[in-house]
Amino acid sequence: MEEKAENGGSIGDDEGKKEKKDMVEELLEAEGGSFSEEEMVDFCLSLLVAGYETTSVLMTLAVKFLTETPAALAELKEEHANIRDMKGKKQPLEWSDYKSMPFTQCVINETLRVGNIISGVFRRANTDIHYKDYTIPKGCKIFASFRAVHLNNEHYENARTFNPWRWQINNKLQNAVGANIFTPFGGGPRLCPGYELARVVVSIFLHHLVTRFSWEETEEDRLVFFPTTRTLKGYPINLRLLSESIC
Ligand code: HEM
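In the nomenclature of an unreviewed UniProt entry, the chain corresponds to Cytochrome P450 from the organism Oryza glumipatula. In the Cofactor (unreviewed entry) part of its UniProt record, the chain is described as follows: "heme".

Next up, the structure:
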């Protein structure tokens, strides 16, 4: 960071050659260069902590749930094989490809719903809140549990079962009285800024995984939720490159 600041933003820039800026360069220039070093470090760390573990757990859980649900894996493979067939073998994916992966989005939604990577968020009441027979006094902190809502059978039939097809039939995000019932990325002004990035990353990952590899789990593993959501052993698998993808 210091080196970049001394070099007026970037390291090793050839004169006249416009290189893509990285995050540190953007931060050095943002707000007229008024961010302190502490603010910039805090910003980078927040993004790393908030974005890294969450996305990698989402990937792991998607692979685990798909392995345990062969029909879903078969449908996902078909969706991605069709995309690959329409493109050249080595052509990279584009935004329009990402936007034509409806079943993949069902798989991601369902993984987020069952996995509850972030189990909920804390909020402080700014005013007395009256809800049913309860009053949450002003200043009181509450924990809004996403897991309690996502795994509630009143909102989702057989709520503990991984069923990506439910998102094809009923993709309502609110219940009859308008309350949000699907909030894996939180909501309101603090909504996760990385929600679309996480979906894109996992969609691209699943594309390459199912079109190029087969796999089997090497040992049984299970989900644990405390202190954070993860698989106990990191869900180890044996990967095999498919013969048709070797070229
Ligand atoms: C599966 C992936 C992810 C999940 C489930 C997730 C979930 C969440 C949740 C529940 C919140 C709290 C929202 C609230 O208070 O209402 C949050 C906040 C945040 N997330 Fe994510 N996130 C994910 C990926 C990412 C990524 C990829 C990034 C950035 C690279 C990111 C950056 C952040 C940041 C900076 C905040 C704090 C926002 C604020 O307080 O204003 N997240 N995330």
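Enquirer: What exactly am I supposed to notice about the overall build of the chain here?
Expert: Of the regular secondary structure elements, the chain holds nine helices and eight strands. Residue burial in the chain is summarised as follows: out of 247 residues, 32% are buried. Element-wise, carbon and sulfur atoms account for 55% of the exposed surface of the chain, whose accessible area totals about 16100 Å².

Enquirer: Teacher, can you tell me more about the pattern of salt bridges here?
Expert: When their charged atoms lie close together, side chains carrying opposite charge are able to pair. Evaluated as defined, the whole model comprises eight salt bridges. A salt bridge links R113 to E110; the shortest N-O distance between them is 2.9 Å. Within this pair, R113 and its partner E110 are both found in helix α6 (residues 102-115), separated by three residues, close to a single helical turn. Judged on exposure class, the residue R113 and its partner E110 are both buried. Between E216 and R240 there is a salt bridge, and its shortest N-O distance comes to 2.8 Å. Here E216 is found in strand β5 (residues 213-217), whereas its partner R240 is found in strand β8 (residues 237-241), with 24 residues between them in sequence.

Enquirer: Any chance you could explain the site of the ligand here in plain terms?
Expert: For the ligand, the set of nearby residues contains 20 residues, the closest of which are G51, R123, G187, R190 and C192. Contacts to the ligand include A50, whose backbone N or O atom sits 3.4 Å from a nitrogen atom. The side chain of R190 places a nitrogen or oxygen atom 2.7 Å from an oxygen atom of the ligand. Judged by the proximity of its atoms to the pocket grid, the ligand belongs to the largest pocket. The set of elements that each furnish at least two residues to the shell around the ligand consists of α3 (37-68), β1 (120-124) and α9 (195-212). Here the shell around the ligand takes six residues from α3, the largest share from any one element. Here the shell around the ligand is composed, by residue class, of twelve nonpolar, six polar and two charged.

Enquirer: What should I look at first to understand the layout of surface pockets in this one?
Expert: Once rolled over the atoms, a probe with the size of a water molecule shows which space is left empty. Considered as a void within the structure, the largest pocket measures approximately 950 Å³ in volume. As for the largest pocket, its lining consists of 29 residues, of which A50, T54, C192, P193 and G194 are closest to the centre. Among the elements of the structure, α3, β1 and α9 are those that each provide at least two residues to the lining of the largest pocket. Taken together, the residues of the lining of the largest pocket break down into 19 nonpolar, eight polar and two charged.

Definitions and limits used
Residues numbered from 1 in each chain as written. Predicted model: local features only at pLDDT ≥ 70, side-chain atom pairs only at ≥ 80, totals over all residues. Heavy atoms only, no water. UniProt positions renumbered as here; feature names shortened; annotations may be inferred. Helix = DSSP H or I, 4+ residues; strand = E, 2+ residues; numbered from the N terminus. Buried < 20%, exposed > 50% of the residue type's maximum accessible area, 1.4 Å probe, protein only. Areas by Shrake-Rupley, 256 points an atom, 1.4 Å probe, with all protein chains shown as cover. Salt bridge = Lys/Arg side-chain N within 4 Å of Asp/Glu carboxyl O. Near = heavy atom within 4 Å. Polar contact = N/O pair within 3.5 Å; in protein donor to acceptor, adjacent residues only side chain to side chain. 1 Å grid on protein atoms, 1.4 Å probe; cavity = no way out; pocket = protein on both sides within 12 Å on 5 of 7 lines; lining within 4 Å. Sits in = over half its atoms within 2 Å of the grid points. Nonpolar A, V, L, I, M, F, W, Y, C, P; charged D, E, K, R; others polar. Points joined across faces, edges and corners; volume = space filled by probe spheres on them.

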